[in-house]
Amino acid sequence: RRVHGGRVRQSLHVGSIPDTLPCREKEATEVRNFIVGHLLNGTGGCMYISGVPGTGKTSTVFNVVRQCEIETNRRKLPKFQLVTINGMSMIAPSQAMTQIHQQLSGEKLSADAATETLDKRFSIKKKKKDSQSIILVVDELDLLFTRRQYILYNIFEWPCRPNSGLIVLAIANTMDLPERALNRISSRIGLTRVTFYPYTFKQLKEILASRVHQEIDESSAVFNDDAMEFAARKVAAQSGDARRALDICRLAAEISERGELLKDSIKSNEYRVTLLHVNRALDELYSCPTVEAVRRCSILEQYFLKAMVSEFRRTGMEECSCSRIINQMSSLCRIEGYSVPLIGSIFSLIDNLYSQRVILIEPGPPNVYQRIRLNLSIDDVTYALNHNKVGL
């Protein structure tokens, strides 16, 4: 049973990409139809794929691309060249152009030279033998946001050129990023959109069940049905993030395999994950010092953190200026019947949260334009605030 338990834990790892993704069939079909249509027609196009973190955007896209590669090898689809970049892996957004050009040509150029070369490449009409399509997957597109916006402009505009043959799959957390970044030209850019909404309780339970290769109603499965349902409900109530549900169940499986709680729950010769194991996993996941610090926060500090979570969920970004958080907090205080604190008091509580490593602040003297972000996950903050009855 130990070997079996190891396989279960491995299948529940967030880095383990399954052959099929349950509950995202509709979105996968839309992405596939988009890719196949442009490959067969030899045209370019841009699909904007948005949704909050943990909703299966990246996994779905790469699963579909992988299937297209298989069909290409079987000569069912035209050949294409795959280029992938991730905004999170770059020191500066300008590196995007360098990486795209390097993957296409094998030559490393400066950002400006790469941009110029790519611009020419996607403008010139190609000979038939050189007309192979290019699929460009851009993950974490939000992080390529710059003041000049030439990077986002090029990524959205190049596929629209008649001879580009460029198929862009842009993945982002923010639903309205094209309008906010390129409001003057967004109407001229033909974007196809797919939105990934947070998983529901039933969807999360189905995902967990598929990962441990069992039917949801199978009574003899490794996971007790109540345990899986409890984990799915907990996560669905907070964020709908499948990664968090997988983390909880993987830790619960580890606790069960270590033989903990056996006298309270199961026979010593069995490997089975129960409700008690999931409860222990939740306690371990949410018992880090920063979560404890959130639980000990004052009412105003909790409102400030709640305002941060609301703003991050609204924008899909993981950081923003202090001014936006202060505006959210002021509205929240009015709704809850509290007096809006003075700006000096707000900066004092920000300093206190920073000293406890609950938040991270851009270096410099205190001002409303400083960038600010959480030093723990939104799920952790939500759990701690709900524990203190400052619900989200």
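See the structure above.
Residues numbered from 1 in each chain as written. Predicted model: local features only at pLDDT ≥ 70, side-chain atom pairs only at ≥ 80, totals over all residues. Heavy atoms only, no water.

A. Geometry of the overall build of the protein. Summing up its helical and strand segments, the protein has 17 helices and eight strands in all. Burial statistics for the protein: of 392 residues in total, 47% are counted as buried. Residue pairs at least 24 apart in sequence account for 70% of intrachain contacts in the protein once pairs closer than 6 positions are excluded. If you sum the accessible surface of the protein, you get close to 19600 Å²; carbon and sulfur atoms cover 50% of it. (Helix = DSSP H or I, 4+ residues; strand = E, 2+ residues; numbered from the N terminus. Buried < 20%, exposed > 50% of the residue type's maximum accessible area, 1.4 Å probe, protein only. Contact = heavy atoms within 4.5 Å. Areas by Shrake-Rupley, 256 points an atom, 1.4 Å probe, with all protein chains shown as cover.)

B. Representation of the pairing of strand E4 (residues 166–172). Summarising burial for E4: seven of the seven residues are buried, a large majority. Residues Leu 166, Val 168, Ala 170 and Ala 172 point to one face of E4 and Ile 167, Leu 169 and Ile 171 to the other, with burial holding for every one of them. By the bridge criterion, six bridges tie strand E1 (residues 45–51) to E4 in an arrangement that is parallel. Its bridge partner being in E4, Cys 46 is matched across the sheet by Val 168. Bridge count for strand E3 (residues 133–139) against E4 is five bridges, and the pairing is parallel. Directly across from Ile 134, in E4, lies its bridge partner Leu 166. (Pairing = 2+ DSSP bridges.)

C. Representation of the packing of helix H14 (residues 299–315) against helix H15 (residues 322–336). Orientation of H14 relative to H15, taken along the N-to-C sense of each, is 120 degrees, at an axis distance of 8 Å. Relative to H15, the element H14 is oriented oblique. In this structure, H14 meets H15 at a crossing whose hand is right-handed. Seen from H14, the contacting residues are Leu 300, Tyr 303, Phe 304, Lys 306, Ala 307, Met 308, Ser 310, Glu 311, Arg 314 and Thr 315; seen from H15, they are Arg 324, Ile 325, Gln 328, Met 329, Leu 332, Cys 333 and Glu 336. (Axes fitted to C-alpha atoms, helices over the stretch in contact; angles between N-to-C directions. Parallel < 35°, antiparallel > 145°, perpendicular 65-115°, else oblique. Left-handed = near helix turned anticlockwise from the far one by under 90°.)

D. Summary view of the side chain of Lys 57. Summarising the element assignment, Lys 57 is placed in helix H3 (residues 57–73). The side chain of Lys 57 sits in the buried core without any salt bridge; Asp 139 is the nearest counter-charge, 6.6 Å away. Once residues lying within four places of it in the same chain are set aside, the contact partners of Lys 57 are Ile 49, Ser 50, Gly 51, Val 52, Ile 171, Ala 172, Asn 173 and Phe 196. (Lys, Arg positive; Asp, Glu negative; His and termini not counted. Salt bridge = Lys/Arg side-chain N within 4 Å of Asp/Glu carboxyl O.)

E. Region of the structure containing the nonpolar core. If you look at the biggest cluster of nonpolar residues, it comprises 62 residues, and the most contacted ones within it are Phe 223, Phe 304, Leu 305, Met 308, Ile 350 and Ile 359. Sort the elements by how many residues they give to this core and helix H10 (residues 242–257) lands first, with nine residues. Once you skip the residues sitting within four places of it in the chain, Met 308 turns out to touch Ile 325, Ile 359, Ile 372, Arg 373 and Leu 374. Ranked by size, the runner-up nonpolar core spans 28 residues in total, among them Tyr 48, Val 83, Leu 118 and Leu 141. (Core = buried A, V, L, I, M, F, W, Y, C linked by side-chain atoms within 4.5 Å.)

F. Here's a closer look at the state of the cysteines. Tallying each qualifying case throughout the model produces zero disulfides. Cys 46 takes part in no disulfide bond, and the closest cysteine sulfur to it belongs to Cys 160, at a distance of 7.2 Å. Summary of cysteine pairing: Cys 322 is not part of a disulfide, and the nearest cysteine sulfur, belonging to Cys 320, is at 7.8 Å. Taking the relative accessible area as the measure of exposure, Cys 322 reaches 0% and is therefore buried. (Disulfide = S-S within 2.5 Å.)

G. Representation of the sheet that holds strand E8 (residues 371–374) in the model. Read from one edge to the other, the open sheet built from three strands follows the order E6-E8-E7, with strand pairing classed as antiparallel. Each end of this open sheet is capped by a strand with a single partner; those strands are strand E6 (320–321) and strand E7 (359–361). As paired elements, E7 and E8 share three bridges and run antiparallel to each other. Looking across to E8, one finds that Leu 360 is bridged to Arg 373.

H. Summary view of the sheet that holds strand E5 (residues 191–196). Strand order in the open sheet formed by five strands is E2-E3-E4-E1-E5, and the pairing between neighbours is parallel. Here the strands that pair on one side only, and so sit at the sheet edges, are strand E2 (80–86) and E5. Each adjacent strand pair in this sheet contributes to an overall mean axis angle of 15 degrees, direction not counted.

I. Seen up close, unusual backbone geometry. Positive phi values are uncommon outside glycine, yet Cys 23 reaches one of about 75 degrees. With respect to the helices and strands, the residue Cys 23 is situated in the loop between helix H1 (2–11) and helix H2 (25–41).

J. Broad picture of the packing of aromatic side chains. One pass over the structure, following the stated rule, counts three aromatic pairs. Relative to Trp 158, the ring of Phe 122 lies with its centre 5.3 Å away and its plane at 45 degrees, an arrangement referred to as tilted. Note that Phe 122 is positioned in the loop between helix H5 (111–121) and E3 and Trp 158 in the loop between helix H6 (150–157) and E4, a separation of 36 residues in sequence. Note on accessibility: Phe 122 and Trp 158 belong to one class, buried. Ring centres 5.4 Å apart and planes at 75 degrees place the aromatic pair Tyr 303 and Tyr 338 in the edge-to-face group. (Phe/Tyr/Trp six-rings, centres within 6.5 Å; stacked < 30°, edge-to-face > 60°.)

K. Representation of the pattern of salt bridges in the model. The full count for this structure, using the stated rule, is 17 salt bridges. Of the charged contacts, one joins Lys 26 and Glu 30 as a salt bridge, the two residues approaching to 2.8 Å between their closest N and O atoms. With a gap of four residues between them, Lys 26 and Glu 30 both fall in helix H2, about one helical turn apart. Lys 26 gets classed as exposed once you look at its relative accessible area, which sits at 59%. Its relative accessible area of 29% is what places Glu 30 among the partly exposed residues. Note that Arg 233 is salt-bridged to Glu 229, the shortest N-O span being 3.2 Å. You can see Arg 233 and its partner Glu 229 sitting in helix H9 (residues 225–238), four residues apart, about one turn around the helix. Given the relative accessible area of 22%, Glu 229 is considered partly exposed. One network of salt bridges, with partners in common, ties together Lys 205, Asp 225, Glu 229 and Arg 233.

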